[in-house]
Amino acid sequence: MLKIRPYEPIDRDQLVDIWEAASRVGHPFLTESDIQEQKALVRDVYLPQAQNWVAQAEHGAVGFIGLLDNFVGGLFVDPRVHRAGVGRKLVEHAALLKGHLEVEVYARNEAAVLFYHRVSFVEIGRRSTDDQGRQLELIRLRRD
């Protein structure tokens, strides 16, 4: 049975591991240096600053969503449980809390783009570079 619960600081290392595994699957276009740089940001900046919700299965955390008000700063699910409804449950939980939601995803992460369309997000814009200035197009999506 999957439970959505608030993040606790003790979750940090497990969620960083989930983030890394999911990022390596969804973002194969990032370099090893990019991954390590972003991993430190997730651990030291994003997890402490966001309102995080953890998808908890019997054996431990299997995913999480980080919210900055109505913006989904991150949604990551352990690749071993991809396509099992974990991401959908996290989005539904966030929508109950916040109402409308917005997110940005890499255009090259086709699985994420398709996922967000399946959970009722629509594209509202694009930008040609990511937050680090890399030439990686981002798609902004919104769910009302």
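The preceding data block contains the structure.
Structural notes, computed from the coordinates. Keep in mind the model is a prediction, meaning the values are calculated, not measured.

Remarks on the sheet that holds strand E2 (residues 51-57)
In any sheet, the strands associate via hydrogen bonds between backbone groups, in a parallel or an antiparallel arrangement. With respect to topology, seven strands assemble into an open sheet ordered E1-E2-E3-E4-E5-E7-E6, the strand pairing being mixed. Only two strands of the sheet have a single neighbouring strand rather than two, namely strand E1 (3-6) and strand E6 (122-127). The mean inter-strand angle of the sheet, taken between neighbouring strand axes irrespective of direction, is 30°. Helix H2 (residues 32-49) rests against E2, strand E3 (60-68) and strand E5 (101-106) of the sheet, and its axis sits at about 105° to E2.

A word on the pairing of E3
Across the nine residues of E3, eight count as buried, placing the element largely inside the fold. Taken together, the seven bridges between E2 and E3 define a ladder with antiparallel strand orientation. The partner of Val 54 across the bridge, within E3, is Phe 64. Joining the antiparallel neighbours E2 and E3 is a turn of two residues.

Examining H2
Here H2 spans 24 Å end to end across 18 residues, near enough to the 26 Å set by a 1.5 Å rise per residue. The largest bend in H2 comes to about 45°, at Val 42. Three or more residues of H2 are buried, namely Asp 34, Ile 35, Gln 38, Lys 39, Val 42 and Leu 47. Taken together, the buried residues of H2 touch helix H1 (12-26), E2, E3 and E5.

Observations regarding unusual backbone geometry
Backbone geometry at Asp 69 places phi at a positive 60°, although glycine is not the residue there. Tracing the backbone shows Asp 69 in the loop between E3 and strand E4 (71-77). The exposure class assigned to Asp 69 is exposed, which follows from its relative accessible area of 55%.

Some details on the packing of H1 against H2
Relative orientation of the contacting elements H1 and H2 amounts to 145°, with a least axis distance of 10 Å. Crossing hand, H1 versus H2: right-handed. Here H1 contributes Arg 12, Leu 15, Val 16, Trp 19, Glu 20, Ser 23 and Arg 24 to the contact with H2, which in turn contributes Glu 32, Ile 35, Gln 36, Gln 38, Lys 39, Val 42, Arg 43, Asp 44 and Leu 47. Here the residues of the contact of H1 with H2 sort into six nonpolar, three polar and seven charged.

Here is what the cut-offs are and how they apply
- Residues numbered from 1 in each chain as written.
- Predicted model: local features only at pLDDT ≥ 70, side-chain atom pairs only at ≥ 80, totals over all residues.
- Heavy atoms only, no water.
- Pairing = 2+ DSSP bridges.
- Helix = DSSP H or I, 4+ residues; strand = E, 2+ residues; numbered from the N terminus.
- Axes fitted to C-alpha atoms, helices over the stretch in contact; angles between N-to-C directions.
- Contact = heavy atoms within 4.5 Å.
- Buried < 20%, exposed > 50% of the residue type's maximum accessible area, 1.4 Å probe, protein only.
- Expected span 1.5 Å × (residues − 1).
- Bend = angle between axes of the 7 residues up to and from the residue.
- Left-handed = near helix turned anticlockwise from the far one by under 90°.
- Nonpolar A, V, L, I, M, F, W, Y, C, P; charged D, E, K, R; others polar.

Just distances and angles here, no functional claims.
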